[in-house]
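The chain contents come next:
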Amino acid sequence: LRDGPAESLLENVAAGVPAFQDGHWWTPLTSAFFAPDLLTYLGVTVLLLVAGSLCERRWGSVRMLWLTLVVQIVGVAAGVGVVALANALLDWQWAEYLAVDYAVGATCLIAGLLTAYSGGLSALWRRRIRTGVLTVCLVALLYGGQLQDVLRMSTALVGLLAGALFLHTGDRQLVARASRRET
């Protein structure tokens, strides 16, 4: 997406600090509809169908729609905000690198939806999904270090918060002990 007319498209739909500086406030939403290549489109489509069907079956269409919008828009905007803040306050080459980059892809949305979905599950499945998703996000962030990795982590955390606030079921203990088998 970085050559010729595609670069112009990238600047108009991809999320990043430069997009917000140019007044492209819609990019936290539009960035989820694009991918850097065909293989990524195919993989993300399959993952989104799986995660989306799980969420819609449990939540219904209306709740699925508004949680999708909240997780994607707030999560990506928060990630871009953290990058902009780190670039402004810290003398850190990585923050400078992230602050000029753009990101597209629905993997952020998938991570956010899965962590939000975990909010309405039993302690065992809640722990499994959160551990899995957050581990993948953290490893990608530590080893990849791209803007997309930062946005994926921020969206997963926003999904975690949204799930805890809006989707929890009944009373919960603050600490759910793992069974011997699970450990």
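Residues numbered from 1 in each chain as written. Predicted model: local features only at pLDDT ≥ 70, side-chain atom pairs only at ≥ 80, totals over all residues. Heavy atoms only, no water.

Caption draft 1: Quick peek at the packing of helix H7 (residues 107–117) against helix H8 (residues 123–143). With their axes 9 Å apart at the nearest point, H7 and H8 run at an angle of 155° to one another. The orientation of H7 relative to H8 falls into the category roughly antiparallel. You can see that H7 and H8 cross each other, and the crossing is left-handed. Along its contact with H7, which presents Ala111, Leu114, Thr115 and Tyr117, the element H8 presents Ile129, Arg130, Val133 and Cys137. Across the contact of H7 with H8, the residue classes break down as six nonpolar, one polar and one charged. (Axes fitted to C-alpha atoms, helices over the stretch in contact; angles between N-to-C directions. Helix = DSSP H or I, 4+ residues; strand = E, 2+ residues; numbered from the N terminus. Parallel < 35°, antiparallel > 145°, perpendicular 65-115°, else oblique. Left-handed = near helix turned anticlockwise from the far one by under 90°. Contact = heavy atoms within 4.5 Å. Nonpolar A, V, L, I, M, F, W, Y, C, P; charged D, E, K, R; others polar.)

Caption draft 2: Structural detail: the environment of leucine 48. Of note, leucine 48 is situated in helix H4 (residues 38–59). Exposure remark for leucine 48: the relative accessible area of 30% places this residue in the partly exposed category. With residues near it in sequence (within four places) discarded, leucine 48 still touches Ser53, Leu109, Ile110 and Leu113. (Buried < 20%, exposed > 50% of the residue type's maximum accessible area, 1.4 Å probe, protein only.)

Caption draft 3: View of H4. Given a rise of 1.5 Å per residue, 22 residues ought to cover 32 Å, and the 30 Å separating the end C-alpha atoms of H4 matches this to within 8%. For H4, the complete set of buried residues consists of Val44, Ala51, Gly52, Cys55 and Trp59. Take H4 and look down its axis: the buried residues cluster within an arc of 110°, on one side only. Turned more than 90 degrees off the buried face of H4, the exposed positions are Leu38, Leu39, Leu42, Leu49 and Arg57. Summarising the contacts, the buried residues of H4 are in contact with helix H5 (61–89) and H7. Where H4 terminates, the next one or two residues include glycine 60, which has phi positive at roughly 95°. (Expected span 1.5 Å × (residues − 1). Arc of directions from axis to C-beta.)

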